[in-house]
Amino acid sequence: VQLVESGGGLVQPGGSLRLSCAASGFTFRSYAMSWYRQAPGKGRELVASISGAGGNTNYLDSVKGRFTISRDNAKNTVSLQMNSLKPEDTAVYSCTTVVGRQAYWGQGTQVTVSS
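The structure presented is a predicted model; accordingly, all values stated were derived computationally and were not measured.

## Description of the packing of aromatic side chains
- Within this structure, the stated rule accounts for 3 aromatic pairs.
- Ring geometry for Phe26 versus Tyr31: centroids 5.8 Å apart, planes at 70 degrees, classification edge-to-face.
- Considering the side-chain rings of Tyr36 and Trp105, the 5.1 Å spacing of their centres and the 65 degrees angle between planes classify their relative orientation as edge-to-face. Separated by 69 residues along the polypeptide, Tyr36 in strand β4 (residues 33–38) and Trp105 in strand β10 (residues 102–105) bring together distant segments of the chain.
- Judged by relative accessible area, which is 23%, Tyr36 ranks as partly exposed.
- Here a set of aromatic residues connected by ring pairs shows up, and it is made of Phe26, Phe28 and Tyr31.

What follows is the structure in structure tokens.
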């Protein structure tokens, strides 16, 4: 299983970023995918998750209405569209999945929201 994130960067408050995670090594469409984040000095928190078929999604309360998780099962990718970004969204964002009771993580991508 391999997960590779991309799309992070520096953005001003109110701006947007789109994160992507390319997955390989497992039957992507059969597994839920999630995005987590970890800010400096804080614990890791679940930001959003999506079911294998994409019909069910869940979000952290603080990002509801601003972030959208989606997946393309033909391309084995999961994305996180982040709008109206706030400084408190600054963190390392990682995609993850659980396959055969084993959790797999990407290397993470830094998102910094600052003026």
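Here the narrative resumes, following the displayed structure.
## Digging into the pairing of strand β9 (residues 91–99)
- β9 sits mainly inside the fold: 7 of its 9 residues count as buried.
- The sheet contact formed by β4 and β9 spans 5 bridges and is antiparallel. Of the residues in β9, the one forming a bridge with Arg37 is Tyr93.
- Two strands pair when backbone bridges link them, and β9 and strand β11 (residues 109–113) are joined in this way by 3 bridges, in the antiparallel orientation. Across the sheet, Tyr93 pairs through a bridge with Thr109, a residue of β11.

The rules behind these values
- Per chain, the residues get numbers from 1 upward, laid out in the order the sequence is written.
- In keeping with the predicted nature of the model, local features appear solely for residues at pLDDT of at least 70, side-chain atom pairs appear and are counted solely at 80 or more, and the whole-chain, interface and lining totals rest on all residues.
- Side-chain descriptors were evaluated using all non-hydrogen atoms of the structure, hydrogens and water having been removed beforehand.
- To pair, rings of Phe, Tyr and Trp, with the six-membered ring standing in for Trp, must have centres within 6.5 Å; the planes then decide the type, stacked if under 30 degrees apart, edge-to-face if over 60, and tilted in the middle.
- Think of it this way: any DSSP run of H or I at least four residues long counts as a helix, any run of E at least two long counts as a strand, and we number them from the N terminus.
- Residue exposure (1.4 Å probe, protein chains only): buried if accessible area is under 20% of the type maximum, exposed if over 50%, otherwise partly exposed.
- Strand pairing follows a simple DSSP-based rule, namely that at least 2 bridges must link the two strands.

Without other data, these values stay purely geometric and don't point to any function.
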